[in-house]
Amino acid sequence: MSSLGPWFGGGGGRGSPWDPFFRSDLCDPSDYGGGGRGRDIGGDISAISHAHVDWRETDRAHIFSVDLPGVRKEDLKVQVEDDNILQISGERVTEAEEEKDLWHRVERRRGSFLRRFRLPENAEIGNIRCGLENGVLTVEVPKKEEQRNVRYLEIA
């Protein structure tokens, strides 16, 4: 049955070539829902949380919007590696718990998160702007202006 892929119990899951979203060059270490690597054995909900990202491109910039409710600016890090990898990382801090508290449900993810994106060649790395407002981190990566080779001709 393993030849039928992940749908019938054969080798699959996140990080597998059977996964249609598998990319070996950029790996998302959060392993959201597969393989169990993102789970903490100690009973915490998640040692590595997931940050949901929208990436849109306009005529002037690439804009990343990251949902980070409850994350403080001091707990975030945005950096560019190797001149073309945008990395967004941080941590959702756990609330202080009282010994006498009785928890009925714990669904909000907490812990560290890390997202990486390969920027296109037209990204202007030197002028990236970031802002955190109402739990949404916005990273704006401007595009380089295209160099046009224009030659004016004389009209006879």
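Each value, and the rule that gives it
Just so you know, the residues in each chain are numbered from 1, in the order the chain's sequence is written. At least 70 in pLDDT is required for a residue's local features to be given in this predicted model, at least 80 for side-chain atom pairs to be given and counted, and no such filter applies to totals for whole chains, interfaces and linings, which use all residues. To get the side-chain values, all heavy atoms of the structure are used, and hydrogens and water are removed first. Confidence scores per residue from the predictor, reported as pLDDT, run from 0 to 100. What counts as a helix is a DSSP run of H or I of at least four residues, what counts as a strand is a run of E of at least two, and both are numbered from the N terminus. Note on definitions: a residue-residue contact is assigned when non-hydrogen atoms from the two residues lie within 4.5 Å. Here the term buried applies to any residue with accessible area under 20% of the maximum for its type, exposed to any over 50%, and partly exposed to those in between, with areas from a 1.4 Å probe on protein chains only. A pair of strands counts as paired when DSSP detects no fewer than two bridges linking them. For helices, the fitted axis covers only the stretch in contact; all axes are lines through C-alpha atoms, and the angles between them, taken along N-to-C directions, range from 0 to 180 degrees.

(A) Inspection of the confidence of the model for the chain at higher detail. Taken residue by residue, the chain gives an average pLDDT of 76. The fraction at 70 or more is 69%. Within the chain, strand E7 (residues 136-142) carries the highest mean pLDDT (97), whereas strand E5 (residues 111-118) carries the lowest (91). When the criterion is pLDDT under 50, residues 1-7 qualifies, and its contacts beyond four places in sequence or with other chains add up to 12 contacts. In the model, residues 27-48 has pLDDT below 50 throughout and makes 39 contacts with residues more than four positions away in sequence or in other chains.

(B) Layout of unusual backbone geometry. Positive phi is not limited to glycine here, since Asp82 has a value of about 55°. Mapped onto the elements, Asp82 comes out in the loop between strand E3 (76-81) and strand E4 (85-92). Phi is positive for Asn134, which is not a glycine, with a value near 55°. On the secondary structure map, Asn134 appears in the loop between strand E6 (129-133) and E7. Owing to a relative accessible area of 75%, Asn134 belongs among the exposed residues under this scheme.

(C) Local environment of the pairing of strand E2 (residues 61-67). Most of E2 is tucked away: 5 of the 7 residues are buried. Across 6 bridges, the pairing between strand E1 (residues 52-57) and E2 is antiparallel. Its bridge partner lying in E2, His52 is registered against Asp67. Bridge count for E2 against E7 is 7 bridges, and the pairing is antiparallel. From the neighbouring strand, Phe64 faces E7, where its bridge partner is Val139.

(D) Geometry of the sheet that holds E2. As summarised here, the arrangement of the 4 strands in space is E1-E2-E7-E6, forming an open sheet in which the pairing is antiparallel. Of all strands in the sheet, those bounded by a partner on one side alone are E1 and E6. Each strand axis lies, on average, 15° off the axis of its neighbour in the sheet, ignoring direction.

(E) Fine view of the sheet that holds E4. Read across the open sheet, the 3 strands follow the order E3-E4-E5; overall the sheet is antiparallel. What marks the edges here is a single partner per strand, and that holds for E3 and E5. The mean inter-strand angle of the sheet, taken between neighbouring strand axes irrespective of direction, is 15°. The sheet contact formed by E3 and E4 spans 6 bridges and is antiparallel. The residue bridging Val80 from the neighbouring strand is Leu86, located in E4.

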